[in-house]
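Understanding the architecture of this molecule
Okay, here's what each chain looks like letter by letter:
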Amino acid sequence: MAAHETPSPRQRAPFGTENSPLWEHDESEDEPFIEVIGSLNIDLVTRTKRMPRAGETLMAQSFSAGFGGKGANQAVACARLVREKLGGPAKNGTIVHMVGAVGGGGAGVDIGAQSYLDHLLKEGVDPGHVLVKDNVPTGTAVIVVEEDTGENRILITPGANGAIQSAGELQLDNFPGGVVLFQLEIPIPIILGAMEHYKNKRKIIILNAAPAQELPNEIYEGVHTIHVNEGEAAMLTDIPEDEIEAHLPEVAEFFRRRGVRNIVVTLGSKGVYWRDYNRNDGRIPAHKCEVVDTTAAGDTFAAAYAVWLALHGADNIETACEFANLAAALSVQKIGAQASMPFLSEVEEISGRVDVPGEDMVVRGSEEGSYEDEIARRRLKQRAGSTGRRSRPRCIDG
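Let us look at the structure shown here. Predicted model only: the values in this text are computed from it and were never measured. (Residues numbered from 1 in each chain as written. Predicted model: local features only at pLDDT ≥ 70, side-chain atom pairs only at ≥ 80, totals over all residues. Heavy atoms only, no water.)

1. Looking at the overall build of the protein
Test applied: Secondary structure elements are taken from DSSP: a helix is a run of H or I of four residues or more, a strand is a run of E of two residues or more, and numbering for both begins at the N terminus. Note on exposure labels: buried denotes an accessible area under 20% of the residue type's maximum, exposed denotes more than 50%, and partly exposed covers the range between, all computed with a 1.4 Å probe on protein chains only. Only the protein chains shown count as cover for residues, and the accessible areas themselves come from Shrake-Rupley with a 1.4 Å probe.
A count of helices and strands for the protein gives nine helices and 13 strands. Looking at the 398 residues of the protein, the share that counts as buried comes to 56%. Carbon and sulfur atoms make up 49% of the accessible area of the protein, which amounts to about 16500 Å² in all.

Below, the structure written as structure tokens:
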């Protein structure tokens with residue numbers, strides 16, 4: 001098919017059904033492609049029985065350090081959600097690129113840029129488009145988790161994420177088609193520049209507008225889906241946070257008037273609200289489960305939604321939300337950010353036992369392995385001039 005031709009949308013059964021497993025794919029199509037543009041941080045996590053009051057010192061339960069950042073979290077979640085286990089082959093040959101920056105040294109926490117890149121590679125993410133910024137530390141997130149509720153508080157120091165000078169400095173994909181996933185932990189001018197780069201390239205652009213901050217109106221133009229939680233919706237619309245649930249159609253209309261085609265609002269324990277470009281909308285209840293740590297829930301949801309569109313097309317956001325809702329519910333049952341993100345096998349397994357969103361669910365673990373050989377093979381293909389590495393969108397009208 002010529003690059004300028006727009007293929008017709010593919011019709012699929014709901015995810016996880018007997019006739020349409022999550023990895024169903026037409027072998028005649030190119031490999032699905034997901035590019036995640038965003039932050040890479042070192043997470044410093046303290047777990048405590050409760051949050052300290054102003055001026056109060058408490059003894060915490062535990063401390064850990066690991067890889068994080070909303071961009072890297074979502075890239076890792078995407079890579080896991082197209083694999084049955086760590087080191088396994090990607091379903092449909094899906095490629096996940098991470099675009100961002102890590103520090104090459106400087107004051108602050110620094111575990112080494114190569115360690116982070118090796119970690120991404122092991123998880124199945126191609127780190128070849130991650131910049132290493134000299135004399136700047138990698139971004140840092142200080143996370144405090146309240147053990148009794150699983151709720152968290154996060155403070156971010158941008159580091160290398162804030163040292164990106166322009167979108168032109170990034171190694172952005174130039175091929176048509178595929179999904180691009182943004183968050184808001186890199187400078188807004190960089191995001192705007194990257195979005196401008198992708199105009200007329202038939203990309204499905206998803207904006208996870210987190211963390212909450214004011215945004216210029218031009219950021220919304222051409223966005224296929226915006227994903228916000230209640231706090232982010234309140235910040236952007238000026239509707240009080242405690243009134244968001246009662247005004248979800250107004251929230252959706254706010255974004256629609258600014259050029260966004262589809263709107264997704266995650267409501268925590270109250271589920272998910274969605275509205276598509278045809279003004280169809282609906283609510284999906286949350287799954288009942290034991291909440292251990294909510295740190296990765298939003299990133300897992302955003303990644304799962306992106307994976308669904310990459311594999312199944314852009315025309316059914318309700319089903320994409322159902323898949324994402326299930327993946328996010330699995331993530332809150334484990335401790336940590338990237339460590340808690342489920343593999344496709346876990347979502348597929350649970351989807352066979354949870355017929356209706358809102359029912360009880362259980363989570364199982366996964367195995368480890370290696371992915372370096374697969375990335376090396378793909379890079380050789382690219383150098384040889386192969387064109388079979390991009391997913392052309394099934395339908396960008398949704």
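More follows now that the structure is in view.
2. A short note on the pairing of strand β9 (residues 204–208)
Note the following rule: In short, DSSP must find at least two bridges between two strands for them to pair. The path from the first strand over the helix to the second decides the hand: if it runs clockwise while the strands point away from the viewer, the crossover is right-handed.
The element β9 is largely enclosed, with a buried count of five among its five residues. Here four bridges tie strand β8 (residues 179–182) to β9, and the two strands are oriented parallel to one another. Along β9, the bridge assignment pairs V180 with I205. As a crossover connection, the stretch from β8 through helix α3 (residues 188–198) into β9 is right-handed. As judged from the three bridges shared by β9 and strand β10 (residues 225–229), these two strands associate in the parallel manner. When the bridges of β10 are listed, I206 appears paired with T225.

3. Quick notes on the sheet that holds strand β2 (residues 41–48)
As a reminder of what qualifies: For helices, the axis comes from a line fit to the C-alpha atoms of the stretch in contact; other axes are also lines fit to C-alpha atoms, and the angle between any two N-to-C directions lies between 0 and 180 degrees.
Within the open sheet, the four strands sit side by side as β3-β2-β6-β7. Their pairing is mixed. Only two strands of the sheet have a single partner each, and these edge strands are β3 (62–68) and β7 (152–157). If you compare each strand with its neighbour and ignore which way they point, the axes differ by 20 degrees on average. Note: strand β6 (residues 139–146) against β7, six bridges, orientation antiparallel.

4. Some thoughts on the pattern of salt bridges
Rules: Here a salt bridge means any side-chain nitrogen of Lys or Arg lying within 4 Å of a carboxyl oxygen belonging to Asp or Glu.
Tallied over the full model, the rule gives 15 salt bridges. Between E196 and K199 there is a salt bridge, with its nearest N and O atoms 3.2 Å apart. Among the residues examined, K199 registers a relative accessible area of 43% and is labelled partly exposed. For E245, the salt bridge is made with R283, and the minimal N-O distance between the two is 3.0 Å.

5. Here we look at the packing of helix α6 (residues 297–312) against helix α7 (residues 317–331)
Test applied: What makes a crossing left-handed is the near helix being turned counterclockwise from the far one by less than a right angle; a clockwise turn instead makes it right-handed. A contact between two residues is defined here by any heavy atoms of the two lying within 4.5 Å. Classes in brief: Ala, Val, Leu, Ile, Met, Phe, Trp, Tyr, Cys and Pro nonpolar; Asp, Glu, Lys and Arg charged; the others, Gly included, polar.
Where α6 meets α7, the axes come as close as 8 Å, and the angle between the chain directions of the two elements is 145 degrees. The element α6 and its partner α7 pack so that their crossing is right-handed. Contact residues: α6 offers A297, T300, F301, A304, Y305, V307, W308 and L309, while α7 offers I317, T319, A320, C321, F323, A324, N325, A327, A328 and S331. Considered class by class, the residues forming the contact of α6 with α7 number 14 nonpolar, four polar and no charged.

6. Quick look at the nonpolar core
Formally: Only buried residues count toward a nonpolar core. Its members are Ala, Val, Leu, Ile, Met, Phe, Trp, Tyr and Cys residues joined through side-chain atoms within 4.5 Å.
Grouped together as the largest cluster of nonpolar side chains are 56 residues, with contacts concentrated most on C78, L120 and Y305. If you tally residues by element for this core, the top one is α6, at ten residues. Setting aside chain neighbours within four positions, we find Y305 in contact with I206, H224, T225, N262, V264, I317, A320, C321 and A324. Ranked by size, the runner-up nonpolar core spans 44 residues in total, among them V136, I164, A234 and V251.

On their own, these measurements won't tell you what the molecule is for.
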